[in-house]
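The chain contents come next:
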Amino acid sequence: MQAPALQVRLSQRPLYVAGLLLLALVLIAAWPVTDFWRERQRILADAARMAVQQSQLMGRSFGDTFLATDYVLRDVIGRVDLAKDLTYPHPDTSTSQRLDTLLKEKITTVVGLSDLVLLNGDCLFVAVAMYPFRGTKSRQNFCTESHVTPGQSLRIQYMPQDKSVSQRPVVLISRIVGSAEGRLLGAAMAVIDLEYAQQWIAALAVDHHDVLTIVDTNGTLLARNPFQPQSLGRRTSSPSGQPSFAEIGDAATFIASSPIDGRERVFGLSRLARFPFVAIVGLDKTRVLAGWQRRAWQFSAGFVVLALCCVVALRAHLAAVRQAEAMRVLATTDALTGIANRRHLIDIGNQAFVHANHDGQALSVLMLDIDKFKSVNDRWGHATGDRVIQTMAQLIASTLRDQDTGGRLGGEEFAVILPATDVAEALTRAEQLRHLVQSSEVLHTDGTTMVKFTTSIGIASLMPGDGSFNALLQRADRALYRAKHQGRNCSMLAELT
Ligand SMILES: Nc1nc2c(ncn2[C@@H]2O[C@H](COP(=O)(O)OP(=O)(O)OP(=O)(O)O)[C@@H](O)[C@H]2O)c(=O)[nH]1
């Protein structure tokens, strides 16, 4: 039966086409999405490289102050007789004055020094350039150590406000001298006020939401741009999974949220050569990716518009296909029964005739007419007559093989095309169908009465003399006519001509 098969094709096609469209859209999107992701990673890697380079420049510049300071400390140590000059109180006031003058001269040679101090072996302030703390005991770590490095060594220590002699947070740079046995002989110490480091870092240009920081290897924040007074001197640490500040080699980079303001940044870190400080440059990740993000949004919007256009076009196309299919169904289907109409049946018959002739195969046609249908109408009414015609169509359809076609020629007349079927098989099929009709019944529109009916069948199988499908059909029609005259409810084979 043609109509149901047609419906299956109709319902599967939209899903099939929509699936293909979705696959095409995914494939179209996959390429640029991968490209976008790679570009994002490249931008972040470039930013990380730039952050490291900036931190190296910053570290070098910051380290210059310490190099110069160390040079001054070496100079001072070289001009002092540790054994004779560094007693406190010194019996010879001229020695004390000479040392003070020396320190006052030297402090002006390096920008950023807030004091210069000479310490004796007991860590007492023997001479100072600026603050009057002579005689004070230093609280630096090496002052409490039982053993120091023999010869000269450099110590750098952050001293928070509460421990600092000047009551200000400072970085102390000390060049200490130890005896061969490791006893402290004396030291020259420079004081760098953290305010200087802060002013120095604040003078560097920084983009919005970027951050420049100097920390010592313990993680103590010494200077920050933008300035945040509450964060100075605060201990900070590198994010989990990253090496600590003390473990950083020359440089490191990572992306993390700042513990101070919570913003995500691309960080570049570099350790100062010879000094226990780390310069950190943090580039705001949102700003770094702003251009990329704009392009990604533009692409996404464009893609969504493209996808919507495709969906609209697909819907329009499917609607057109559905309409064309509906038109085709209308043009080929009998409205009352849903099986092939006369025109479609003749078309298929013509094709079957050509194939049978071409392949040298058998072809048979059954022509069926419901017996005394006029009296069915007259007795049970036209509506019940319609039901009988519909039931007849269903019975015909139920006996069809895949290659067969059943259709309604008009009124109560039907035909069945049986490709590759010889006359004997056609007769068998006709008799099966006739018995099926005979044993069936239709419910009257009154809902209770069962109406029985029979059919007469004319059978024609393709003969060499048949010049067309129509000729075959006419022979079947003549056989049907004879069946009616034989008394109806029987099958009759067509004559050869
Ligand atoms: N209910 C209904 N009746 C139809 C339809 N098409 C044709 N008819 C009727 O079918 C009847 C056909 O009757 P006839 O051609 O005289 O033949 P018959 O009564 O079947 O008698 P035999 O064919 O000689 O057995 C007519 O009364 C038509 O009005 C239809 O679609 N529905």
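Not measured: the values here are computed from a predicted model.

Quick look at the nonpolar core
Considering soluble globular proteins, one finds that nonpolar side chains tend to be buried as a cluster.
And step 1. Counting residues in hydrophobic clusters, the biggest one holds 54 residues, and the most contacted among them are Leu116, Leu118 and Ile214.
And step 2. No other element matches helix α1 (residues 2-78), which puts 13 residues into this core.
And step 3. Apart from residues no more than four positions distant in its own chain, Leu118 is found in contact with Val76, Val80, Leu86, Leu99, Leu103, Leu124, Phe125, Val126, Ala127, Ala187 and Ala188.
And step 4. Leu368, Val388, Phe453 and Ile459 belong to the second-largest nonpolar core, a separate cluster that totals 25 residues.

Examining the pairing of strand β10 (residues 277-284)
And step 1. Across the eight residues that make up β10, a large majority, eight, are buried.
And step 2. Burial along β10 is two-sided: Phe277, Ala279, Val281 and Leu283 and Val278, Ile280, Gly282 and Asp284, pointing in opposite directions, are all buried.
And step 3. Direction of pairing for strand β6 (residues 211-216) relative to β10: antiparallel, over a ladder of six bridges. Directly across from Thr213, in β10, lies its bridge partner Ile280.
And step 4. Examined bridge by bridge, strand β9 (residues 264-271) and β10 share seven bridges and lie antiparallel to one another. Paired with Val266 across the two strands is Leu283, which belongs to β10.

Side note on the site of the ligand
And step 1. With respect to spatial proximity, 16 residues lie near the ligand, and among them Lys372, Phe373, Lys374, Asn377 and Asp386 are the closest.
And step 2. In this structure, an oxygen atom belonging to the ligand sits 2.7 Å away from a main-chain N or O atom of Phe373.
And step 3. The contact in question runs from an oxygen atom of the ligand to an N or O atom on the side chain of Lys484, over 3.0 Å.
And step 4. Within the complex, 65% of the 660 Å² of free accessible area of the ligand lies under protein.
And step 5. Among the elements of the structure, β11 (363-370), α9 (373-380) and α10 (382-398) are those that each provide at least two residues to the shell around the ligand.
And step 6. The dominant element in the shell around the ligand, judged by the number of residues it contributes, is α10, at four residues.
And step 7. For the shell around the ligand, the residue count by class is three nonpolar, four polar and nine charged.

Quick look at a nonpolar patch on the surface
And step 1. There is a patch of nonpolar side chains on the surface, built from Tyr16, Leu20, Leu23 and Leu27 and spanning about 470 Å² of accessible area.
And step 2. Its location among the elements puts Leu20 in helix α1.

Some details on the state of the cysteines
And step 1. Evaluation of the coordinates by the stated rule reveals one disulfide.
And step 2. Two residues, Cys123 and Cys143, share a disulfide whose sulfurs are 1.9 Å apart. Judged by the sign of its S-S torsion, about -75°, the cystine formed by Cys123 and Cys143 is left-handed. Linking Cys123 in the loop between β1 (113-120) and β2 (125-128) with Cys143 in helix α4 (residues 141-144), this pair joins segments that are 20 residues apart in sequence.
And step 3. By relative accessible area, which is 15% here, Cys143 ends up buried.
And step 4. Unpaired in this structure, Cys309 has its nearest cysteine sulfur neighbour in Cys310, at a distance of 7.0 Å.

Side note on the sheet that holds strand β16 (residues 455-461)
The strands that make up a sheet are held in pairs by hydrogen bonds between backbone atoms, and each pair lies either parallel or antiparallel.
And step 1. Judged by pairing direction, the sheet is mixed, and its five strands sit side by side in the order β12-β13-β11-β16-β17 without closing on themselves. Whereas interior strands pair on both sides, the edge strands pair on one side only; in this sheet they are β12 (405-410) and β17 (491-493). Mean inter-strand twist for the sheet, computed between neighbouring axes without regard to direction, equals 20°.
And step 2. Those strands touched by helix α12 (residues 469-485) are β11, β13 (413-419), β16 and β17, and its axis lies near 140° from that of β16.

Notes on the UniProt feature "transmembrane region" (unreviewed entry) in the protein
And step 1. Sequence positions flagged by UniProt for "transmembrane region" (unreviewed entry) are, in local numbering, residues 15-34 and 296-318.
And step 2. Summarising residues 296-318: 100% helix, 0% strand, and an end-to-end C-alpha distance of 32 Å.

A look at the sheet that holds strand β5 (residues 184-193)
And step 1. In spatial order, the strands read β2-β1-β5-β4-β3; together these five strands make up an open sheet with antiparallel pairing. On the outer flanks of this sheet lie β2 and β3 (151-159), each paired with one strand and no other. Along the sheet, successive strands turn relative to each other by an average axial angle of 20°, direction set aside.
And step 2. Of the pairings in the sheet, the one linking strand β4 (residues 170-178) to β5 comprises nine bridges and is antiparallel in character. By the bridge assignment for β5, Arg175 is matched with Ala188.
And step 3. Running over the sheet, helix α3 (residues 93-107) touches β1 and β2 and is turned about 145° from β1.

Overview of the packing of aromatic side chains
And step 1. Inspection of every chain in the model, using the stated rule, returns ten aromatic pairs.
And step 2. Both rings, one in Phe66 and one in Phe275, keep their centres 5.4 Å apart while their planes meet at 40°; by these two values the pair is tilted. Of the two residues, Phe66 is situated in helix α1 and Phe275 in the loop between β9 and β10; the sequence distance between them amounts to 209 residues.
And step 3. The exposure class assigned to Phe66 is buried, which follows from its relative accessible area of 1%.
And step 4. Considering the side-chain rings of Phe254 and Phe267, the 5.6 Å spacing of their centres and the 45° angle between planes classify their relative orientation as tilted. Here Phe254, found in strand β8 (residues 251-257), pairs with Phe267, found in strand β9; they are 13 residues apart in sequence, far enough to count as distant.
And step 5. Aromatic rings pair up to connect Phe62, Phe66, Trp200, Phe275 and Phe277 into one cluster.
And step 6. The side chain of Arg40 reaches across the aromatic face of Trp292, ending 5.6 Å from its centre.

About the cut-offs
- Residues numbered from 1 in each chain as written.
- Predicted model: local features only at pLDDT ≥ 70, side-chain atom pairs only at ≥ 80, totals over all residues.
- Heavy atoms only, no water.
- Core = buried A, V, L, I, M, F, W, Y, C linked by side-chain atoms within 4.5 Å.
- Buried < 20%, exposed > 50% of the residue type's maximum accessible area, 1.4 Å probe, protein only.
- Helix = DSSP H or I, 4+ residues; strand = E, 2+ residues; numbered from the N terminus.
- Contact = heavy atoms within 4.5 Å.
- Pairing = 2+ DSSP bridges.
- Near = heavy atom within 4 Å.
- Polar contact = N/O pair within 3.5 Å; in protein donor to acceptor, adjacent residues only side chain to side chain.
- Areas by Shrake-Rupley, 256 points an atom, 1.4 Å probe, with all protein chains shown as cover.
- Nonpolar A, V, L, I, M, F, W, Y, C, P; charged D, E, K, R; others polar.
- Patch = residues over 30% accessible without salt bridge, like charges linked within 9 Å, V, L, I, M, F, W, Y side chains within 5 Å.
- Salt bridge = Lys/Arg side-chain N within 4 Å of Asp/Glu carboxyl O.
- Disulfide = S-S within 2.5 Å.
- Axes fitted to C-alpha atoms, helices over the stretch in contact; angles between N-to-C directions.
- UniProt positions renumbered as here; feature names shortened; annotations may be inferred.
- Phe/Tyr/Trp six-rings, centres within 6.5 Å; stacked < 30°, edge-to-face > 60°.
- Lys NZ or Arg CZ within 6 Å of the ring centre and 35° of its normal.

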